[in-house]
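# Observations on the model geometry
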Amino acid sequence: MDPDRIPDTPLFDRARQRRGYNLNKMAMGLGTPANRDAFRADESAYLNRFGLSPEEKRAVMARDWREMVRLGGNVFYLLKISAIDPVRMTEIGAHQAGMDHETFLRERLGKR
Amino acid sequence: MAQLIGGLGASHVPSIGAALDKGLRETPDWKPFFDGTVPGRAWCEANRPDVAVVIFNDHGNAFFLDKVPTFAIGCAEEYRPIDEGWGPRAIPVFAGHAAFGWHLVDRLVESHFDPMIVQEIEVDHGLQVPMELFFGRPETAWPVKIVPIFVNVIQYPIPLPARCYQLGRALRQAIDSFDSDERFVVIGTGGLSHQLQGSRAGFTNAEADRAFLADIAADPDRLAAMSREDYVRLFGSEGAELMMWLVMRGAMDREVEVRHTHYHLPASMTGAGMIVLENRAA
């Protein structure tokens, strides 16, 4: 299947996962306490360990979720960053949708 | 021989587990969802299964992109809750049913499936949350042994819905040919509609979700014939995991009785559902 035939829906295909491999591996690493401590202590040094490019590092350090996904990040890995620097899934969703959180909850999820 | 007594389906949204951890069950956001799952848990208490075969996907916790099995079968004696970034959740270790896991692998290979065999692995919310919905939160031990079936629904190419349905039929043959008096349930997990990535993030589709809950019982052939693209379009990029319910449905008889259905939108960003099916008495 051609993964991007559905509008605004980046599927995790061969090209995307290859592009995002280091970024996702970095995030996957946060599943162990020692790596979480290393991330907290010196985020830049932790990211360097995984060979992240300058634009990948910028996206992570700015918590730019839309950009991380554009660079091949997959939310299931990236979410481990939110365990260290708490942010709700709906806020990550709102950021990607280009909406403020309240608008996102109301317009996309039908909350009042 | 072993007996299949029910086919169950439930969402596995991590926020459901987090809501239980934080004691939010009775809050206005969560009470309507949890109240609707009570009959599913009551069914399990009344029918007392011994074994649960749980079809789910790992969410980048146990498997990384270095090794991506399309289908993997748990043949371990135990499965610990995995650290998803917050530390492992305080729920009991799951006892495995290694003997059935191996029997299932034997039968699958003879049925022309070629699964990965897994003997050491930890399990994430994809398995934990449905177990909590159907069996509550035991203090020390779960009332059933589990056999996890891991399905890759993240890294393309993901399997075809039709292949998931066929896997369920082979699973049924394995249960029917297992020399034991144990009572089995098969639990399909995931969905319903949700999308977590891209500018369509937050997409849900209550109409398609309700149609799925009706047709998983009445017209599973329609759901199995749909393409992966149909699933992504109708249920969202992450909602496509709903095809894992077809493994459960494929294990059931063609004619089933619906004992319970529940739908709630949204649980976090997801259309959340539950179903309880029994084979129609002959």
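Residues numbered from 1 in each chain as written. Chains lettered and ligands numbered in written order. Predicted model: local features only at pLDDT ≥ 70, side-chain atom pairs only at ≥ 80, totals over all residues. Heavy atoms only, no water.

### Some points on unusual backbone geometry
Residue and element names in this part refer to chain B. The residue after tyrosine 156, namely proline 157, is reached through a cis peptide bond having omega 5°. With an omega of -10°, the peptide bond between leucine 265 and proline 266 qualifies as cis. Within the element layout of this structure, proline 266 appears in strand E9 (residues 256-267). One non-glycine residue, arginine 48, lies in positive phi territory at about 45°. Take arginine 48: it is sitting in the loop between helix H3 (38-47) and strand E2 (51-56). Arginine 48 sits in the exposed class, given a relative accessible area of 63%. Despite not being glycine, serine 268 shows a phi value in the positive range, around 55°. (Helix = DSSP H or I, 4+ residues; strand = E, 2+ residues; numbered from the N terminus. Buried < 20%, exposed > 50% of the residue type's maximum accessible area, 1.4 Å probe, protein only.)

### Let's talk about the nonpolar core
Residue and element names in this part refer to chain B. Counting residues in hydrophobic clusters, the biggest one holds 57 residues, and the most contacted among them are Phe100, Leu171 and Tyr231. When residues of this core are assigned to their parent elements, the largest contribution, 7 residues, is made by helix H6 (residues 161-176). Ignoring any residue separated from it by four or fewer positions in sequence, one finds leucine 171 in contact with Val53, Phe100, Leu104, Leu108, Ile149, Val186, Val247 and Ala251. Membership of the second largest hydrophobic core comes to 40 residues, among which are Phe34, Phe56, Ala272 and Met274. (Core = buried A, V, L, I, M, F, W, Y, C linked by side-chain atoms within 4.5 Å. Contact = heavy atoms within 4.5 Å.)

### Description of the interface of chain B and chain A
In many reports, interface size means the accessible area that the parts give up when they come together. Counting residues at the interface gives 35 residues for chain B and 39 residues for chain A. Carbon and sulfur atoms supply 61% of the area buried between chain B and chain A, which totals about 3,400 Å² over both sides. By the criterion of area lost to chain A, the three top residues of chain B are Phe64, Gln197 and Glu229 of chain B, representing 19% of everything that side buries. Linking chain B with chain A are 2 salt bridges. In this structure, arginine 36 of chain A engages aspartate 83 of chain B in a salt bridge whose closest nitrogen and oxygen atoms are separated by 2.9 Å. If you look at where chain B meets chain A, you find 16 residue pairs in polar contact (both at pLDDT 80 or more). Broken down by element, the side of chain B that touches chain A gets its largest block of residues, 4 residues, from helix H9 (residues 228-235) of chain B. Class assignment for the residues of the side of chain B that touches chain A results in 12 nonpolar, 14 polar and 9 charged. (Buried area = accessible area lost by both parts, 1.4 Å probe. Salt bridge = Lys/Arg side-chain N within 4 Å of Asp/Glu carboxyl O. Polar contact = N/O pair within 3.5 Å; in protein donor to acceptor, adjacent residues only side chain to side chain. Nonpolar A, V, L, I, M, F, W, Y, C, P; charged D, E, K, R; others polar.)

### Details of the packing of helix H1 (residues 14-21) of chain B against helix H5 (residues 125-135) of chain B
All names here are of chain B. With their axes 9 Å apart at the nearest point, H1 and H5 run at an angle of 55° to one another. As far as their axial angle goes, H5 and H1 are oblique. For the element pair H1 and H5, the recorded crossing hand is left-handed. In contact with Pro14, Ile16, Gly17 and Leu20 of H1, H5 contributes His125, Val129, Glu132 and Leu133. The residue inventory of the contact of H1 with H5, partitioned by class, reads 5 nonpolar, 2 polar and 1 charged. (Axes fitted to C-alpha atoms, helices over the stretch in contact; angles between N-to-C directions. Parallel < 35°, antiparallel > 145°, perpendicular 65-115°, else oblique. Left-handed = near helix turned anticlockwise from the far one by under 90°.)

### A closer look at helix H5 (residues 54-61) of chain A
Residues and elements named next belong to chain A. Within H5, burial applies to Glu56, Lys57, Ala59 and Val60. When H5 is viewed along its axis, its buried side chains cluster within an angular range of 160° and face the same direction. Those residues of H5 that are exposed and aimed more than 90 degrees away from the buried face are Pro54 and Arg58. Check the buried side of H5 and you find it contacts helix H1 (14-19), helix H2 (21-28), helix H4 (43-49), helix H6 (65-70) and helix H8 (81-84). Phi turns positive, to about 50°, at arginine 63, one or two residues after H5. (Arc of directions from axis to C-beta.)

### A closer look at the packing of aromatic side chains
Pairs of aromatic rings are described using the distance from one ring centre to the other and the angle between the two planes. All chains considered together, the criterion is met by 17 aromatic pairs over all chains. Relative to phenylalanine 64 of chain B, the ring of tyrosine 21 of chain A lies with its centre 5.1 Å away and its plane at 70°, an arrangement referred to as edge-to-face. Taken together, the residues tyrosine 21 of chain A in helix H2 and phenylalanine 64 of chain B in the loop between E2 and strand E3 (71-74) connect one chain to another. Here the aromatic residues Phe212, Tyr231, Phe235 and Trp245 of chain B are joined through ring pairs into a cluster of three or more. A cation sits over an aromatic face here: arginine 163 of chain B above phenylalanine 113 of chain B, 3.6 Å from the ring centre. Residue placement shows arginine 200 of chain B over the ring face of phenylalanine 203 of chain B; its charged tip is 3.9 Å from the ring centre. (Phe/Tyr/Trp six-rings, centres within 6.5 Å; stacked < 30°, edge-to-face > 60°. Lys NZ or Arg CZ within 6 Å of the ring centre and 35° of its normal.)

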